Amino acid sequence: QQQVKQSPQSLIVQKGGISIINCAYENTAFDYFPWYQQFPGKGPALLIAIRPDVSEKKEGRFTISFNKSAKQFSLHIMDSQPGDSATYFCAASLSGANNLFFGTGTRLTVIP
Amino acid sequence: DTGVSQNPRHKITKRGQNVTFRCDPISEHNRLYWYRQTLGQGPEFLTYFQNEAQLEKSRLLSDRFSAERPKGSFSTLEIQRTEQGDSAMYLCASSRTGGNQPQHFGDGTRLSIL
């Protein structure tokens, strides 16, 4: 059973555009929601994370929007660049637990 | 901060052989995690350690999988009697102790079963 559902599976965006990736979860006990970026042949790298007591968090060109009532969160990449082309994973974990539940990933391609 | 180091990067073996992977965490991190990632999927949690204690192992995929962290520093993941379905990327991550500390991943060991 997929604890975190992620969409779209793939995304193509023009350079300078906004990339939006969405995730949804069912377990209301989740209280930590990180996003990871993964390049081919590399491990996932933490991009940005949010806790459910805030609705938005921004770090540079990356913003997480969080909707607790809808049990959804999304990653927005502003001014997308070709170097952002990678696979992005959302994840969630329970307070006090240590395992992350990952989404299935979104392959982003930014066209010059 | 030298990052999480995993060896080997690639392992090719015949079905039925045993394989062992090593993970060296970030030095000040007490927690160490193992995940498996198959093609087109997100990482799947297997087990984790707090120092040398293995605190969660119920998600190890079968009794052919085992992990150790004998001195609370590096860890090894062993797969006995490998099967075709074991082909995957095996990722290690580490973090500080405490609620929801960021997990930092290594670049993984890619296992291919012939």
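Up top is the structure.
No experiment lies behind these values; they were computed from the predicted model shown.

Conventions used here
- Think of each chain on its own: its residues are numbered from 1, step by step along the sequence as written.
- Just so you know, chain letters begin at A and ligand numbers begin at 1, following the order they were written in.
- Reporting in this predicted model follows two pLDDT cut-offs: at least 70 for local features of residues, and 80 or more for side-chain atom pairs to be given and counted; totals over whole chains, interfaces and linings ignore these cut-offs and use all residues.
- Computation of side-chain values: all heavy atoms of the structure, hydrogens and water removed.
- In DSSP terms, a helix is any run of H or I states spanning at least four residues, a strand is any run of E spanning at least two, and both are numbered starting from the N terminus.
- Partly exposed describes any residue whose relative accessible area lies between the buried limit of under 20% and the exposed limit of over 50%, with all areas from a 1.4 Å probe on protein chains only and scaled to the type maximum.
- Should a side-chain nitrogen of Lys or Arg be within 4 Å of a carboxyl oxygen of Asp or Glu, the pair is scored as a salt bridge.
- When DSSP finds at least two bridges between two strands, those strands are taken to pair.
- Lines fitted to C-alpha atoms define the axes here, with helix axes fitted over just the stretch in contact, and angles between the N-to-C directions of these axes take values from 0 to 180 degrees.
- Here a polar contact means two N or O atoms within 3.5 Å. Within protein one must be a hydrogen donor candidate and the other an acceptor candidate, and residues neighboring in sequence count only if both atoms are side-chain atoms.
- Contacts are residue-level and defined by heavy atoms, with any inter-residue pair within 4.5 Å sufficient.

J.: Honestly, unusual backbone geometry in this entry has me stumped. Any pointers?
T.: With the exception of glycine, most residues fall at negative phi, and the peptide bonds are largely trans. Each neighbour pair has its own omega, and for Ser7 of chain A with Pro8 of chain A the value is -5°, a cis peptide bond. Turning to its location among the elements, Pro8 of chain A is positioned in the loop between β1 (4-7) and β2 (10-14). In the Ramachandran plot, Asn51 of chain B falls in the positive-phi region, its phi being about 55° despite a non-glycine side chain. You can call Asn51 of chain B partly exposed: its relative accessible area is 29%. Even without a glycine there, the phi angle at Arg81 of chain B is positive, about 45°. With respect to the helices, strands and loops of the structure, Arg81 of chain B is situated in the loop between β8 (75-79) and β9 (88-95).

J.: Quick question: what am I supposed to make of the side chain of Ser94 of chain B here?
T.: In this fold, Ser94 of chain B is placed in strand β9. For Ser94 of chain B, a relative accessible area of 0% corresponds to the buried category.

J.: Please clarify how the pattern of salt bridges should be interpreted in this entry.
T.: Should their charged atoms come close, side chains of opposite charge can pair. All names here are of chain B. Per the counting criterion, the structure on display carries nine salt bridges over all chains. In this structure, Arg96 engages Glu28 in a salt bridge whose closest nitrogen and oxygen atoms are separated by 3.6 Å. Placement of the pair is Arg96 in the loop between β9 and β10 (104-105) and Glu28 in the loop between β3 (19-24) and β4 (31-37), with a sequence separation of 68 residues. Take Arg96: its relative accessible area is 43%, and that puts it in the partly exposed class. On the basis of relative accessible area, Glu28 is assigned to the partly exposed category, the value being 38%. Look at the salt bridges and you will find they share partners, linking Arg64, Glu83 and Asp86 into a network.

J.: Looking at this structure, I do not really get the sheet that holds strand β8 (residues 72-77) of chain A. What am I missing?
T.: The strands making up a sheet are joined through hydrogen bonds of the backbone, oriented either antiparallel or parallel. All names here are of chain A. The five strands lie next to each other as β1-β3-β8-β7-β6, forming an open sheet whose pairing is antiparallel. The two strands at the open ends of the sheet, each matched to only one other strand, are β1 and β6 (56-59). Taken over all neighbouring pairs, the strand axes of this sheet differ in orientation by 15° on average, direction set aside. The sheet contact formed by β1 and strand β3 (residues 19-25) spans four bridges and is antiparallel. In the sheet register, Lys5 faces β3, and the bridge partner there is Ala24.

J.: How should the pairing of strand β4 (residues 30-38) of chain A be read in this particular structure?
T.: Here is the key point about a regular strand: its side chains alternate between the two faces of the sheet. Residue and element names in this part refer to chain A. When you tally the buried positions in β4, you get nine out of nine residues, the bulk of the element. Bridge count for β4 against strand β9 (residues 86-94) is six bridges, and the pairing is antiparallel. By the bridge assignment for β9, Gln38 is matched with Thr87. The loop that links β4 with its antiparallel partner strand β5 (residues 45-50) comprises six residues; one of these, Gly41, has a positive phi angle of about 80°.

J.: Teacher, can you tell me more about the side chain of Ser95 of chain B here?
T.: Residue and element names in this part refer to chain B. With respect to the element layout, Ser95 can be found in strand β9. Of the residues examined, Ser95 reaches a relative accessible area of 0% and is grouped as buried. Here Tyr33 takes part through its side chain, which lies 2.7 Å from a polar atom of the side chain of Ser95. Residues contacting Ser95, with those up to four places away along its chain left out, are His29, Asn30, Arg31, Tyr33, Gln101, Pro102 and Gln103.

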